[in-house]
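Okay, here's what each chain looks like letter by letter:
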Amino acid sequence: MKKLFIVANWKSNKTTQEAVEWLKEILNLKSQISNLDQKEMIICPAFTSLAVMNWFIKENNLPLKLGSQNISNFEEGAYTGEVNAKQVSEYATHVIVGHSERRRLLHETDEDILAKLKQVLAHNLTPVLCISDMAQLDHYLAESSAVKDNADNIIFVYEPPSAISGGGAYHPESPEDANTNAAEISKKVGKRVVTLYGGSVNPDNAKQLFEQEYIDGGLIGQAALDPNSFLHITNNS
Ligand code: PGA
């Protein structure tokens, strides 16, 4: 049985109070999570909730890790408004890098994403590197050795923007197409790397997606906001 990675991307949702309510629900339902030793569950809330969630998870021995949804391109210093990797590493183990919403809405470029990736790796955090089309990966590989050199410490995500629910209707890519594209990532990197599929994963389609040879789990947006639906997805494997 392959290890399953579930990364919840809460986007710009939930206050810290709501985040703690979500954790309390998971605490109540904890006994229902199957094959815990084969699962890595990473919750990515807003920066503002990381410290309290980290405290709650440790206090209650919950089988969850934390990630941030973004990171500064820079080290600590005179960068007003930025949250850097050293700061995030106090509370989190993972960082989502290169999400297509940040590319589209915040105009992040391949160069920004490489700079963020390097910051994350330099502070011993695990990047969750989103790839929305293969040209992006080609560019990272051509511009830097960071991806190849750290391939075993990166969680790759194949996430076509057209499949992202955006909080509306689900419209995932077919499991077969998702698998073909996920396989392409390993091929380009030159070894089998941990690869998730993202975009409209929900309790009804998770099993079929996670069964695919090159898909090791999911980056889940909308369906991870509800604790029951989140648990359903983790148990669907
Ligand atoms: P979705 O979002 O699951 O709501 O489609 C996934 C994502 O954008 O990471």
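Look above for the structure.
Residues numbered from 1 in each chain as written. Predicted model: local features only at pLDDT ≥ 70, side-chain atom pairs only at ≥ 80, totals over all residues. Heavy atoms only, no water.

Asks: How would you sum up the packing of aromatic side chains? Please name residues and give values.
Replies: Working definition: an aromatic ring pair is given by the centre-to-centre distance plus the angle between the planes. Going through the model one piece at a time under the given rule, you end up with four aromatic pairs. Their ring planes at 75° and their centres at 4.9 Å tell us that tryptophan 10 and tryptophan 22 sit as a pair that is edge-to-face. Residue tryptophan 10 is found in the loop between strand E1 (4-9) and helix H1 (16-29), and its partner tryptophan 22 is found in helix H1; the two are separated by twelve residues along the sequence. Both residues of the pair, tryptophan 10 and tryptophan 22, count as buried. Considering the side-chain rings of phenylalanine 74 and tyrosine 79, the 4.2 Å spacing of their centres and the 5° angle between planes classify their relative orientation as stacked. An aromatic cluster of three or more residues is present, and its members are Trp10, Trp22 and Phe230. Note that lysine 14 overlies the ring of tryptophan 10, its terminal NZ or CZ placed 5.2 Å from the centroid. (Phe/Tyr/Trp six-rings, centres within 6.5 Å; stacked < 30°, edge-to-face > 60°. Helix = DSSP H or I, 4+ residues; strand = E, 2+ residues; numbered from the N terminus. Buried < 20%, exposed > 50% of the residue type's maximum accessible area, 1.4 Å probe, protein only. Lys NZ or Arg CZ within 6 Å of the ring centre and 35° of its normal.)

Asks: Account for the site of the ligand, with residues named and values stated.
Replies: Lining the immediate environment of the ligand, one finds Asn9, Lys11, His99, Glu159, Ile164, Ser165, Gly199, Ser200, Leu219, Ile220, Gly221 and Gln222. Interatomic distance of 2.9 Å between a backbone N/O atom of glutamine 222 and an oxygen atom of the ligand. Considering the ligand on its own, with 280 Å² of exposed area, one finds that the protein chains cover 99% of that surface. Split into classes, the residues belonging to the shell around the ligand amount to three nonpolar, seven polar and two charged. (Near = heavy atom within 4 Å. Polar contact = N/O pair within 3.5 Å; in protein donor to acceptor, adjacent residues only side chain to side chain. Areas by Shrake-Rupley, 256 points an atom, 1.4 Å probe, with all protein chains shown as cover. Nonpolar A, V, L, I, M, F, W, Y, C, P; charged D, E, K, R; others polar.)

Asks: Tell me about the sheet that holds strand E5 (residues 126-131), residues and numbers included.
Replies: Read around the barrel, eight strands follow the order E1-E2-E3-E4-E5-E6-E7-E8 and close on themselves; strand pairing throughout is parallel. Taking each pair of neighbouring strands and ignoring which way they run, the sheet shows an average axis angle of 25°. As defined by bridge partners, strand E6 (residues 155-158) adjoins strand E7 (residues 195-198) across three bridges and the pair is classed as parallel. Opposite phenylalanine 156, over in E7, you have threonine 195 as the bridge partner. Docked against the sheet, helix H8 (residues 175-189) engages E5, E6 and E7, running at close to 140° with respect to E6. (Pairing = 2+ DSSP bridges. Axes fitted to C-alpha atoms, helices over the stretch in contact; angles between N-to-C directions. Contact = heavy atoms within 4.5 Å.)

Asks: Break down the side chain of glutamine 136 for me, with residues and values.
Replies: Position of glutamine 136 relative to the elements: it lies in helix H6 (residues 134-143). A polar side-chain atom of glutamine 136 sits 2.9 Å from the main-chain amide nitrogen of serine 132. In this structure, glutamine 136 is in contact with Arg103, Asp110, Cys130 and Ile131, ignoring residues within four places of it in sequence.

Asks: Give me H1: which residues, what numbers.
Replies: Taking 1.5 Å as the rise per residue, H1 with 14 residues should run 20 Å; its terminal C-alpha atoms sit 20 Å apart, in good agreement. For H1, every residue scored as buried is listed here: Ala19, Val20, Trp22, Leu23, Ile26 and Leu29. (Expected span 1.5 Å × (residues − 1).)

Asks: For the nonpolar core, give the residues involved together with the corresponding values.
Replies: Counting 61 residues, the largest nonpolar core has Ile43, Leu64, Leu129, Phe156, Ile185, Phe210 and Phe230 as its most contacted members. Element by element, the count of residues in this core is highest for H1, at six residues. Grouped together as the second largest cluster of nonpolar side chains are eleven residues, Val7, Ile42, Ile155 and Leu196 included. (Core = buried A, V, L, I, M, F, W, Y, C linked by side-chain atoms within 4.5 Å.)

Asks: Residues and numbers for the environment of proline 160, please.
Replies: Position of proline 160 relative to the elements: it lies in the loop between E6 and H8. Residues proline 160 and serine 72, spaced 88 residues apart in sequence, show a C-alpha to C-alpha distance of 24 Å. For proline 160, the residues in contact, after removing those within four places along its chain, are Ser132, Glu173, Tyr197 and Gly198.

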